[in-house]
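Structure assessment
One letter stands for each residue in the lines below.
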Amino acid sequence: MELIKNYFFDEGAYDYHDGAYKHLIRPKTKTHKLIIPKVLKADKIEGNTTYYTIHAQEGETNILDGKATHTWGYNGSLLGPLIRYQSGRHYHLTLVNDLPEVTTWHWHGLNIPGPIEDGGPHAPVLPGKSREIEFDVNQPTMTAWLHPHPCPHTAEQVWKGLAAPVAVVNPLDDLPQLPHTWGVDDIPLIFQDRTFHDSQWDYQADYDMDGTLGDTALVNGTVNAEFTVTRPCLRLRVLNGANRRELRLNSDQNIVMTQIASDGGFLPHAVEMTKIMLTNAERAEILLDFSDYKKGGRIVLKADDVPILTLKVGEFTEDNRRQLPKTLKQIERDFTGSPSHQVIMEGMDDSVRINGKLYDMTRIDDRQEIGKNEIWDVSNTNDSMPGMGMIHPFHMHGTEFLVLSRNGKKPYPNEFGFKDTVAVNPGEHVKLLVKFNVPGIFMYHCHILEHEDTGMMAQIEAVDPNNPQHWNLKDLCDKNMPDSNMRM
Ligand SMILES: [Cu+2]
């Protein structure tokens, strides 16, 4: 297997070329034990239905060595618990808004009906109110995440701390050989960045229309994080949960990171890399092999050149290394045909548009029948200055797609699995093979959260021809949102 030692994207378009870029600073605090999100406990289980309750709430979190930081979280003061779904089961969720403003619960990566269950801007919950939703989970093993999606305050609410890891397990494609003891050899790495103002976060002060950046890296809400490795094989579920910052993950010793999964589940084959770049909302599951390291050894994971997580080798309590199959997952990628959907992402700052338009909650921009494969051509026209411009991460709700090509060439080696977010370089056309399995109204947008909030977003109706629906879509954007369901 070829070892990949470089990032793939157009270096000229990296975020650090932007005039407003804030470099990460090396953490000056003492090291803190990496926070591992707890696993969300079910309220009850009845037959094939599991009941969960998720509160969005305010709180105080001890992040720095001194004063507590005012933060938001799910069922806690910051971020949220791991929410586990098993494919084939039915879920009933009670979503409670204990915040002082409207929010929504968006299941990024879950293929469930939209727009209510999916939790985009059409599914607001007023402060002090709650909403009950139900859905079936039917999809492969994968790492997804939960975050708010109210229009137009997604970026600010994520900044304040709302985000939680989600894991889907499907017995049909799961690989039981992989490490799966949560918090021991299966751990999340939720990467974010914030600036501290006298220990507090101040979104308005740091706001940047091209994507808000902070100067301090956090992993799972931990600054200067340290984790003790107690088994030779470590599975890291990496999520770039930052509003704007690109994560260029590498290590001080160029340890081999074996990527086994992307956003939508396992890759057809593992890819060995020493550097991985994830744009906003992208995920990668990677394995690190510590069997050649002795107790007391350490590896420092870095974002660009700044340490974000020290992996300290402890006493191995169990040998969890298992042979993986050569083919992790069978994925049929051969597909010929012309694109029947076009997405042109253009602009920066307040000029950002999709197909020349700003988001309108009452407008359906595109339609596709469920169950059919169709080709999308997604482009980024920020290439007026050759070798410059900015990358837009393109995300679709309600589906996991395949990347067919980049400017007519093969996708990057770690893009052969299913994805829901793909980074598009300036001047690039990325062809996607898209199929919806569930009907509804779904967003597609740039996942730089400030671009999304500015209106770099559109919506598609995934149509079930046997059960056509009529939509009376309301404009709930930045209004006193009625807690209504618009389904007629
Ligand atoms: Cu963008």
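Conventions used here
- Residues numbered from 1 in each chain as written.
- Predicted model: local features only at pLDDT ≥ 70, side-chain atom pairs only at ≥ 80, totals over all residues.
- Heavy atoms only, no water.
- Donors = N, O, S within 2.8 Å, 3.2 Å for Na, K, Ca; no water.
- Helix = DSSP H or I, 4+ residues; strand = E, 2+ residues; numbered from the N terminus.
- Buried < 20%, exposed > 50% of the residue type's maximum accessible area, 1.4 Å probe, protein only.
- Contact = heavy atoms within 4.5 Å.
- Pairing = 2+ DSSP bridges.
- Domains from an automatic or database assignment.
- Buried area = accessible area lost by both parts, 1.4 Å probe.
- UniProt positions renumbered as here; feature names shortened; annotations may be inferred.
- Polar contact = N/O pair within 3.5 Å; in protein donor to acceptor, adjacent residues only side chain to side chain.
- Core = buried A, V, L, I, M, F, W, Y, C linked by side-chain atoms within 4.5 Å.
- Phe/Tyr/Trp six-rings, centres within 6.5 Å; stacked < 30°, edge-to-face > 60°.
- Lys NZ or Arg CZ within 6 Å of the ring centre and 35° of its normal.

**A closer look at the coordination of the copper ion**
- Taken together, His-392 (ND1), Cys-446 (SG) and His-451 (ND1) make up the protein donors of the copper ion, found 2.0 to 2.1 Å from the metal.
- Mapping the donors of the copper ion onto the primary sequence yields the spacing H-x53-C-x4-H. Of this pair, His-392 sits in strand 27 (residues 392–396) while Cys-446 is found in strand 31 (residues 440–446), placing the two residues 54 residues apart along the sequence.
- Using a relative accessible area of 0% as the deciding quantity, one classes His-392 as buried.

**A short note on the side chain of Ser-199**
- Along the chain, Ser-199 falls in the loop between strand 12 (186–194) and helix 2 (203–206).
- Apart from residues lying up to four places away in sequence, Ser-199 is in contact with Leu-64, Lys-67, Ala-68 and Thr-69.

**A look at the sheet that holds strand 2 (residues 32–33)**
- Taking strand neighbours across the sheet as the criterion, the 6 strands line up as 2-14-22-21-16-19 in an open arrangement whose pairing is mixed. Two strands close off the open sheet at either side, each with one partner strand: strand 2 and strand 19 (276–278).
- In this sheet, strand 14 (residues 225–229) lies alongside strand 2 in parallel orientation, the contact comprising 2 bridges. Pairing of Lys-33 across the sheet is with Glu-226, part of strand 14.

**Brief notes about the domain arrangement of the protein**
- Along its sequence, the protein is organised into domain 1 (17–169), domain 2 (177–313) and domain 3 (340–463).
- The interface of domain 1 with domain 2 comprises 47 residues on the first partner and 55 residues on the second.
- Between domain 1 and domain 2, the buried area comes to about 4600 Å², and carbon and sulfur atoms account for 61% of it.
- Contact with domain 2 buries area across many residues of domain 1, yet Leu-24, Leu-34 and Trp-159 alone supply 21% of it, more than any other trio.

**Considerations on unusual backbone geometry**
- Note that the residue after Gly-114, namely Pro-115, is joined by a cis bond; omega there is 5°.
- Note that Pro-115 resides in the loop between strand 8 (106–108) and strand 9 (130–136).
- Following Cys-151, the chain continues into Pro-152 via a peptide bond in cis, with omega recorded as 0°.
- In this structure, Asp-349 takes a positive phi of about 45° despite not being glycine.
- With respect to the helices and strands, the residue Asp-349 is situated in the loop between strand 23 (341–346) and strand 24 (353–354).
- One non-glycine residue with positive phi stands out, namely Asn-355, at about 50°.
- Inspection of the secondary structure puts Asn-355 in the loop between strand 24 and strand 25 (366–369).

**Focus on the sheet that holds strand 28 (residues 402–406)**
- In spatial order, the strands read 24-23-26-30-28; together these 5 strands make up an open sheet with mixed pairing. The strands lining the two open edges of the sheet, one partner per strand, are strand 24 and strand 28.

**Things to note about the UniProt feature "binding site: Cu(2+) 4" (unreviewed entry) in the protein**
- Using the residue numbers shown here, the UniProt feature "binding site: Cu(2+) 4" (unreviewed entry) corresponds to His-392, Cys-446 and His-451. Spanning 60 residues, the annotated positions come together in the fold, the maximum distance between their C-alpha atoms being 9.0 Å.
- Sequence-distant contacts of His-392, that is, excluding residues within four places in its chain, are made with Met-345, Glu-346, Gly-347, Val-352, Asn-380, Asn-382, Val-422, Ala-423, Val-424, Cys-446, His-451 and Met-456.
- One polar contact links the side chain of His-392 to the main-chain carbonyl oxygen of Gly-347, over a distance of 3.2 Å.

**With respect to the nonpolar core**
- Ranked by internal contacts, the top residues of the largest apolar core, which has 35 residues, are Ile-308 and Leu-309.
- Counting residues per element, this core draws most heavily on strand 22 (residues 306–313), which supplies 5 residues.
- Membership of the second largest hydrophobic core comes to 29 residues, among which are Leu-40, Ala-123, Val-125 and Val-168.

**So, the packing of aromatic side chains**
- All told, the structure shown has 18 aromatic pairs when counted by the stated rule.
- Seen from their ring centres, Tyr-85 and Tyr-91 are 4.6 Å apart, and the 80° between their planes marks the pair as edge-to-face. Exposure class is identical for Tyr-85 and Tyr-91. Each is buried.
- Judged by centre distance (5.7 Å) and plane angle (70°), the ring pair of Tyr-203 and Tyr-207 falls under edge-to-face.
- The buried category is assigned to Tyr-203, whose relative accessible area is 7%.
- According to the relative accessible area criterion, Tyr-207 is partly exposed, its value standing at 37%.
- In textbook terms, an aromatic cluster arises when at least three aromatic residues are bridged by ring pairs, as seen for Tyr-52, Tyr-85, Tyr-91, Trp-107 and Phe-135.
- One Lys or Arg, Arg-194, reaches over the ring of Trp-201 and ends 5.2 Å from the middle of that ring.
- Its guanidinium or amino end placed over the ring of Tyr-14, Arg-248 lies 4.3 Å from that ring's centre, counting from NZ or CZ.

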